[in-house]
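A closer look at the structure
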Amino acid sequence: MFENLQSRLESAFKTLKGQGRITEINVAETVKEIRKALLEADVNYKIAKEFTDKVKEEALGQNVITSLQPGQLLVKIVNDQLTALLGGEVAEINLSSSPNIILIAGLQGSGKTTFTGKLAYYLKNKKNQSVMLAACDVYRPAAIDQLKVLAEQVGVPVYTDYETKNPVLIAQTAIAKAKEQGIKTIIIDTAGRLSIDEEMMNEIYNVKQAISPNEVLFVVDAMTGQDAVNTAQAFNERLNFDGVVLTKLDGDTRGGAALSIKSAVKKPIKFVGMGEKMDALDVFYPERMAQRILGMGDIVSLVEKAQMVYDEEEASKLNKKIAANKFDFEDFYTQIQQIKKMGNLKDLMGMIPGVGKAIKEIDINDDAFKEIECIIQSMTPKERKNPEIINGSRRARIAKGSGKDVQKVNQLMKQFEEMKKMMKTVNKMQSSGRNMRMGFK
Amino acid sequence: MGFFDFLYKEKKEQLNKGLEKTKVSLFSKISKALLGKSKIDAAFLDDLEEILLSSDVGVKTTIEIINRIEKRATDEKFLGENELNKLLRDEISGLLDDNALVAKIDFDLTNAPKPYIIMVVGVNGVGKTTTIGKLAHQFQSSGKKVLLGAADTFRAAAVDQLKIWGTRANVPVVALGMNVDPSAVAFDTVKKAVDEQFDVAIIDTAGRLHNKVGLMNELSKIKRVMQKVSPDAPHEILLVLDASTGQNAFEQAKQFTAATEVNALALTKLDGTAKGGVVIGISNEFKIPVKYIGVGEGMNDLQIFNKNEFVDSLFGE
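Let me begin by describing the structure that accompanies this report. Residues take numbers from 1 onward in each chain, read along the sequence in its written order. Here every chain gets a letter starting at A, and every ligand a number starting at 1, in the order they are written. The model is predicted, so local features are restricted to residues of pLDDT at least 70 and side-chain atom pairs to those at 80 or more, both for listing and for counting; the totals for chains, interfaces and linings are taken over all residues. The side-chain figures draw on all heavy atoms in the structure; neither hydrogens nor water molecules are used.

For the rest of this paragraph, the subject is the interface of chain A and chain B. Size of an interface, as often reported, equals the accessible area lost when the parts are brought together. Residue-level contacts link 39 residues of chain A with 44 residues of chain B. Defined in terms of a 1.4 Å probe, buried area is the accessible area two parts forfeit on being brought together, summed over both. Both sides of the chain A and chain B interface together cover about 3600 Å² of buried area, and 56% of this is carbon and sulfur. The salt bridge definition used is simple: a Lys or Arg side-chain nitrogen within 4 Å of an Asp or Glu carboxyl oxygen. Taken together, the connections running from chain A to chain B amount to three salt bridges. The term polar contact refers here to a pair of N or O atoms within 3.5 Å; inside protein, the definition further demands a hydrogen-donor-capable atom paired with an acceptor-capable atom, and it admits residues adjacent in sequence only when both atoms are side-chain atoms. Viewed at the interface, chain B and chain A are joined by 13 residue pairs in polar contact (both at pLDDT 80 or more). Elements represented by at least two residues in the side of chain A that touches chain B include exactly α2 (24-40), α3 (45-59), α6 (143-154) and α9 (228-239) of chain A. Charged means Asp, Glu, Lys or Arg here, nonpolar means Ala, Val, Leu, Ile, Met, Phe, Trp, Tyr, Cys or Pro, and polar covers whatever is left, Gly included. Tallied by class, residues from the side of chain A that touches chain B come to twelve nonpolar, eleven polar and 16 charged. Two residues form a contact once any of their heavy atoms are found within 4.5 Å. Think of it this way: any DSSP run of H or I at least four residues long counts as a helix, any run of E at least two long counts as a strand, and we number them from the N terminus.

Rendered as structure tokens:
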């Protein structure tokens with residue numbers, strides 16, 4: 001139901017087209033669309049309004065540079081503003097105390113215990129810290145056991161007390177134990193609580209007062225709706241927390257709550273949860289979040305992923321081959337392997353702006369390349385290096401060998417030739433210094 | 001009769017209490033917006049839009065409601081506050097679907113197949129296991145023979161959590177431990193329910209984000225496996241939604257319905273400041289009725305959703 005903001009704005013931009021300046025009148029419709037997009041991404045109503053007012057102010061009177069369409073300019077303003085709002089100073093977790101005491105707080109089901117496990121994993125493996133966990137959720141059935149299991153998975157000690165129903169006492173004892181054992185960092189997991197539950201809010205306040213943590217983290221579900229602001233404010237009033245953890249971002253939520261919370265309490269988002277495994281914890285990238293809220297795809301992540309597996313030497317070799325029209329099935333096969341290395345095909349395509357929603361309904365088979373690989377593998381090395389020698393009888397043999405129809409082989413041959421042609425054209429353009437202009441529309 | 005009256009009243013009070021926040025945010029603002037107004041004008045509609053949007057009702061449903069009110073107001077020449085209340089109530093009530101047969105089966109299981117198999121699904125952290133604990137208690141209290149199935153074999157200590165609820169509600173739990181195939185647990189649960197003539201069996205599943213194809217396929221499989229024992233099972237596929245969730249709840253409803261044909265919704269954590277407005281849109285778009293609402297952490301804090309009571313409580317009656 002959410003469309004890419006860029007495509008949504010298209011109709012609104014029609015009014016802007018051909019006009020040299022952005023004016024009050026021609027921008028109104030567009031600003032409305034931006035506000036709608038923000039609301040659909042769960043940005044708080046008031047904050048969305050404030051935000052679009054600001055964008056409007058910024059945009060009004062700006063000259064529409066000829067190379068940029070007014071629409072592009074506005075999207076840029078929106079994106080920049082959003083990134084600035086989400087970002088600010090980059091804040092790492094504070095690990096300057098000895099020992100470090102980290103208090104975790106949040107609503108029920110936000111993912112506190114899972115995050116506690118992940119943070120322990122992160123501190124142990126990335127920051128070389130000795131870590132101990134303390135189980136202070138004395139209410140939810142089996143919450144203590146859950147933390148115990150996670151501690152075991154991560155390989156850190158955990159302090160539990162099934163008898164004491166007093167979180168303050170448990171936290172204090174855990175800290176004393178950790179000090180005794182010379183442990184550097186203690187993470188205190190607490191029970192989920194509603195921000196309107198006075199008694200429970202007092203409890204966590206008391207825990208904080210008793211142990212004076214050097215880092216208090218507020219854990220919040222990225223799927224939270226309009227209420228994110230109230231909840232964050234209520235927790236901040238009582239705990240004055242140091243940072244926010246946004247969980248379940250591996251879902252498809254647009255995560256407007258991030259903007260709402262950041263604007264409301266002005267605290268940095270320090271971590272994002274990206275899955276159920278213990279290493280699925282990431283630091284926060286404001287510009288990616290901005291694009292996600294706007295539905296612009298996570299093109300940066302895609303590029304980074306591509307860079308990770310992209311072998312420069314290999315690429316220049318390939319470029320030469322393409323230029324000399326010598327791209328063969330061996331190269332094609334290598335390319336497929338590279339793409340596969342980048343990961344799940346659907347995830348990859350989902351990162352391309354505009355594609356995300358389109359492929360959501362389609363179940364992309366990760367074995368999409370299997371057929372092609374299979375056919376290529378049934379070719380002799382000579383055939384792979386010299387595709388032109390593959391005649392009718394060779395095709396029949398390849399088909400038989402790969403267990404496919406001859407039509408499939410023919411189809412692949414045809415696609416391969418077309419690809420070759422296209423690659424050559426692109427290659428030529430690049431080497432002649434011309435850039436392909438990415439069409440905005 | 002008097003005793004039951006009391007029960008009913010208490011339940012209603014609980015509902016009112018649970019929905020207090022929603023009521024306050026919706027109704028009081030609506031009255032304020034209306035103050036001194038004798039007709040629906042642009043300013044009023046703006047206020048109404050803000051109220052609906054900030055209750056997570058969503059852009060699409062909000063626009064729909066506003067357009068309809070605008071139209072009816074012109075058609076019916078609306079004048080006065082009371083008429084507007086009625087109009088608004090009609091509109092919201094019209095959006096809340098209550099047609100599915102499954103919504104009519106309550107804790108007494110009148111006209112329900114035996115055993116009545118409920119499969120509970122949802123994303124992580126919405127309160128599936130807690131809801132099951134409360135359901136078990138409610139069915140047990142109305143004299144039914146209840147069985148639970150611990151098919152969340154993935155999340156750390158999930159099986160233990162359900163077992164504790166089983167003990168609290170005094171009902172048996174089928175558990176095969178952690179990291180076993182959840183379909184096997186579901187199969188055993190349904191088989192035991194059939195063989196030993198339980199009235200109701202409730203199967204817990206691991207929380208999963210709806211965009212993970214593999215995990216959604218697993219749900220379809222769990223469902224298929226149950227059908228090997230009882231061809232109509234599960235009779236109720238209950239999607240649990242967190243009332244504080246925003247527009248993503250739509251995607252949740254869509255994807256879980258695609259994988260398992262969800263036919264009932266449970267809305268949890270309605271006692272928070274959460275507004276749960278998103279269910280109005282979901283109920284309207286997917287024609288899945290809200291069947292249960294969770295309004296607290298106690299065993300009794302789960303109720304069968306009554307559309308009229310809900311709308312009444314929104315309007316302070």
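Additional details are given in the paragraphs that follow.
Right, let's talk about the packing of helix α8 (residues 198-211) of chain A against α9 of chain A for a bit. Residue and element names in this part refer to chain A. Interaxial angle, 0 to 180 degrees, is taken between N-to-C directions of lines fitted to C-alpha atoms, where a helix line uses only the stretch in contact. Running from amino to carboxyl end, α8 crosses α9 at an angle of 45°, the nearest separation of the two axes being 9 Å. Regarding the angle of α8 to α9, the classification is oblique. Seen from above, α8 lies across α9 with right-handed handedness. Residues E198, M201, N202, I204, Y205 and K208 of α8 touch α9, and the partners they reach there are A234, F235, R238 and L239. Of the residues belonging to the contact of α8 with α9, the class tally is six nonpolar, one polar and three charged. Oblique is the label for any angle not under 35 degrees, not over 145, and not in the 65 to 115 range, which are roughly parallel, roughly antiparallel and roughly perpendicular in turn. By convention the crossing between two helices is left-handed if the near helix lies anticlockwise of the far one by an angle smaller than a right angle, and right-handed if it lies clockwise.

Glancing now at the sheet that holds strand β4 (residues 185-190) of chain A. Residue and element names in this part refer to chain A. Here, a strand pair is defined by DSSP locating no fewer than two bridges between the strands. In spatial order, the strands read β3-β2-β4-β1-β5-β6-β7-β8; together these eight strands make up an open sheet with mixed pairing. On the outer flanks of this sheet lie β3 (158-159) and β8 (281-283), each paired with one strand and no other. As defined by bridge partners, strand β1 (residues 100-106) adjoins strand β5 (residues 215-221) across five bridges and the pair is classed as parallel. Among the inter-strand pairings, I102 is bridged to a residue of β5, identified as E215. The sheet strands contacting α9 are β1 and β5, and the helix crosses β5 at an angle near 165°.

This next bit is on the nonpolar core. Taken as a class, soluble globular proteins show a tendency for nonpolar side chains to be buried jointly. Residue and element names in this part refer to chain B. Counting 88 residues, the largest nonpolar core has I118, F139, I202, M226 and Y292 as the members making the most contacts within it. It is strand β1 (residues 116-121) that provides the largest number of residues to this core, a total of six residues. With sequence-adjacent residues up to four places away left out, I118 is seen in contact with F139, V200, A201, I202, I203, E236, L238 and Y292. We call a set of buried residues a nonpolar core when its members are Ala, Val, Leu, Ile, Met, Phe, Trp, Tyr or Cys and they connect through side-chain atoms within 4.5 Å of each other. The buried label applies to any residue whose accessible area, calculated with a 1.4 Å probe on protein chains only, is under 20% of its type's maximum; exposed applies above 50%, and partly exposed to all values in between.

All names here are of chain B. By the secondary structure assignment, V200 is in strand β4 (residues 200-205). Its relative accessible area of 0% is what places V200 among the buried residues. A C-alpha to C-alpha distance of 9.5 Å links V200 and V190, two positions ten residues apart in sequence. Dropping the residues within four chain positions of it, V200 is found in contact with L109, Y116, I118, F139, K145, V146 and L147.

Residue and element names in this part refer to chain B. By the element assignment, M226 lies in helix α9 (residues 213-229). Judged by relative accessible area, which is 0%, M226 ranks as buried. Along the chain, M226 and F187 lie 39 residues apart, while their C-alpha atoms are 5.2 Å from each other. Setting aside chain neighbours within four positions, we find M226 in contact with I117, M119, A186, V190, I203, A233 and P234.

Of note, the amide linkage connecting S98 of chain A to P99 of chain A takes the cis form, showing an omega dihedral of -5°. Turning to its location among the elements, P99 of chain A is positioned in the loop between α4 (70-86) and β1. With an omega of -5°, the peptide bond running from K114 of chain B to P115 of chain B counts as cis. Here P115 of chain B lies in the loop between α5 (81-95) and β1. Here the phi dihedral of A157 of chain B falls at roughly 65°; this positive angle occurs in a residue that is not glycine. Positionally, A157 of chain B belongs in the loop between β2 (146-151) and α7 (158-169). Positive phi, close to 55°, is recorded for K287 of chain B, a residue that is not glycine. If you trace the backbone, K287 of chain B turns up in the loop between α11 (278-286) and β7 (290-294).

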